[in-house]
Amino acid sequence: MARDAPDAEKAPASAARTGAAKSGAAKTDAAKTDAGRAGKMAGRARVRRRHHGLALSLIVLVVLPVVLAAAYLWTFAQDQYASTAGFTIRQEETGAASQLLGGLTQLVGGGSSGNSDLLFEFIQSQEIVEAVNDHVDLVAHYSATWPADPVFSIWPGATIEDMLWFWKRMVRITYDRSSGLIMVEARARDPDTAQAIARAVVAESEAMINMLNEAARRDSMANAQLDLEEALERLRAAREAIAEFRARTQIIDPAADIQGRMGVLNNLQQQLAQALVDYDLLLPSADSNDPRLRNAERRITVIRDRITEERRSFAAQDVTVDNTDYPSLLAQYESLRVDQEFSEENYRAALTALEQARSNAERQQIYLATFVRPTLAQRADYPRRLLLVGLTAFFALMTWAVLALVYYSLRDRG
């Protein structure tokens, strides 16, 4: 019985080891089974037809355009030389003389900013193309390389509209609206022609500014002359109104007439004071029937009545043939006199404005200030081959990428 006890203890341990071994073998078999299934599901990557199509599209849409662009730029494209010119518009800081009175017209209208806008549009117009073509035969020059370089050339029989379209390609204009600076870059087949085109642009721009100056001078003189005529007519009317007033009222100056009447009134008041003094001196020594006393009283009464009459004539009594009293008379006269004074001031200001307009007409008010004269190139900077090839590659690659994304999106949905 003592020997059987150890054997009984060994039996459970042996059974545990056997169970663990079987469990490990089962896990190994399960792992092998899962690996086999995964291998069957993933399979080996293979090149399919769509991959060939994607590579072909990359070649056609990206590689081929880049190669063709590079081949054209380095084989057929002709060199271009650039001439740069920079200018701006300056205006003299002179005030208009018509500003002496606020109601008159300004002599010079518009600022340099507006003139710069006009010049910027003029350089891009058909008119300057025709004007520059008189200095340089643009069609003959730019069509000399046709059809060897069709991208950067124009056909020989180009119209003025075609030349305007090509002009905007060959002449680059940069305009800073805040400062009014204009930069012009003209490109041509040789440096001398490029410089000649830039000089022609500057010359025609200056001619356009001179034309604006001439128009401004004509307008300023016309406006000043018109202001002077209106001021003269107004002054003439004001003086005629005063003359008609004097003929109607038969009074040259109501103020002077009133001063004369005031002198009479003051004299009467002095006489009244003296009569009262005489009466007071006579009263103690004379009786009530004394003729001197009655004469003194009558004198005082007459003077007082005359003073009352004179005072009444200032306010209510009609003093002219057209039944006009002094207050109305003074109001009419003061109104006419104010109109005359204002007309005289207006006339003097108009004369000053006309003289100022004549002075301004003798000198240039706005002018073209060239701060960069047309340059003469020593090397050909155009066409920019590397930049054009890089842009071609970028846009071609973007196009190809977008088309590829669209294709795979439609394929996944289908």
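Reading the values: rules and limits
Residues take numbers from 1 onward in each chain, read along the sequence in its written order. Per-residue local features are limited, in this predicted model, to residues with pLDDT of at least 70; the limit for side-chain atom pairs, both in listing and counting, is 80 or more; totals at the level of whole chains, interfaces and linings are taken over all residues. Excluded from the side-chain calculations are hydrogens and water; all other atoms, namely the structure's heavy atoms, are used. Per the convention used, a helix needs a DSSP run of H or I reaching at least four residues, while a strand needs a run of E reaching at least two, with both numbered from the N terminus. To sort residues, take the accessible area from a 1.4 Å probe on protein chains only and compare it with the maximum for the residue type: under 20% means buried, over 50% means exposed, and anything in between is partly exposed. Contact criterion: two residues are considered in contact whenever any of their non-hydrogen atoms come within 4.5 Å of each other. Using a 1.4 Å probe, the Shrake-Rupley method yields the accessible areas, and only the shown protein chains count as cover for residues. What goes into a patch is any residue over 30% in relative accessible area without a salt bridge, connected to like charges within 9 Å or, for nonpolar side chains (Val, Leu, Ile, Met, Phe, Trp, Tyr), within 5 Å. Whenever Lys or Arg places a side-chain nitrogen within 4 Å of a carboxyl oxygen from Asp or Glu, that contact is recorded as a salt bridge. Neither His nor the chain ends is counted toward charge; the positive residues are Lys and Arg and the negative residues Asp and Glu. By convention, the point assigned to a charge is CZ for Arg, NZ for Lys, CD for Glu and CG for Asp. As used in this record, nonpolar core signifies buried Ala, Val, Leu, Ile, Met, Phe, Trp, Tyr and Cys residues forming a set joined through side-chain atoms within 4.5 Å. Note on scores: pLDDT gives the predictor's confidence for each residue, bounded by 0 and 100.

Quick look at the overall build of the protein chain
Then, number 1: Along the backbone of the protein chain there are eleven helices and four strands.
Then, number 2: For the protein chain, the residues scored as buried account for 31% of the 414 residues in total.
Then, number 3: The long-range share in the protein chain, meaning contacts at least 24 apart out of those at least 6 apart in sequence, stands at 79%.
Then, number 4: Carbon and sulfur atoms make up 56% of the accessible area of the protein chain, which amounts to about 25,800 Å² in all.

Details of a negative patch on the surface
Then, number 1: The grouping of Glu127, Glu130, Asp134 and Glu161 at the surface amounts to a negative patch.
Then, number 2: With three residues, helix H4 (residues 126-135) is the largest single contributor of residues to the negative patch.
Then, number 3: Along the polypeptide, aspartate 134 turns up in helix H4.
Then, number 4: Relative accessible area serves as the criterion here: at 67%, aspartate 134 is assigned to the exposed category.

Examining the nonpolar core
Then, number 1: Residues Leu119, Ile123, Leu138, Tyr142, Trp167 and Ile197 are the most contacted members of the largest nonpolar core, which totals 38 residues.
Then, number 2: Ranked by the residues each element gives to this core, the list is headed by helix H7 (residues 191-249), at eight residues.
Then, number 3: Those residues in contact with leucine 138, other than ones at most four positions away along the chain, are Val129, Val132, Asn133, Met163, Trp167 and Ile197.
Then, number 4: In this structure, Leu265, Leu268, Tyr279 and Leu293 belong to the second largest nonpolar core, which totals twelve residues.

As for unusual backbone geometry
Then, number 1: With an omega of 0 degrees, the peptide bond running from tryptophan 146 to proline 147 counts as cis.
Then, number 2: Tracing the backbone through its elements, the reader meets proline 147 in the loop between helix H5 (138-142) and helix H6 (160-170).
Then, number 3: Here tyrosine 382 and proline 383 are connected by a cis peptide whose omega angle stands at -5 degrees.
Then, number 4: Topologically, proline 383 is positioned in the loop between strand S4 (366-372) and helix H11 (385-413).

Quick notes on the confidence of the model for the protein chain
Then, number 1: Taken over all residues, the pLDDT of the protein chain has a mean of 79, while the share at 70 or more is 77%.
Then, number 2: When mean pLDDT is taken per element in the protein chain, strand S3 (residues 181-188) scores highest with 94 and helix H1 (residues 4-42) scores lowest with 49.
Then, number 3: In the predicted structure, residues 1-16 sits below a pLDDT of 50 and forms zero contacts with residues beyond four places in sequence or in another chain.
Then, number 4: Contacts for the low-pLDDT stretch residues 94-110, under 50 throughout, to residues beyond four places or in other chains number 36 contacts.

Digging into the environment of phenylalanine 76
Then, number 1: Looking at the secondary structure, you find phenylalanine 76 in the loop between helix H2 (49-75) and strand S1 (81-91).
Then, number 2: Taking the C-alpha atoms as reference, phenylalanine 76 lies 9.5 Å from threonine 145; in sequence the two are 69 residues apart.
Then, number 3: Each residue touching phenylalanine 76, except ones within four places of it in the same chain, is listed here: Ala71, Ala148 and Asp149.

Considerations on the pattern of salt bridges
Then, number 1: The full count for this structure, using the stated rule, is eleven salt bridges.
Then, number 2: Put simply, aspartate 117 and arginine 177 hold a salt bridge, and the shortest N to O gap is 2.9 Å. Of this pair, aspartate 117 sits in helix H3 (residues 112-123) while arginine 177 sits in the loop between strand S2 (171-176) and S3, and the two are 60 residues apart along the sequence.
Then, number 3: For arginine 177, a relative accessible area of 53% translates into the label exposed.

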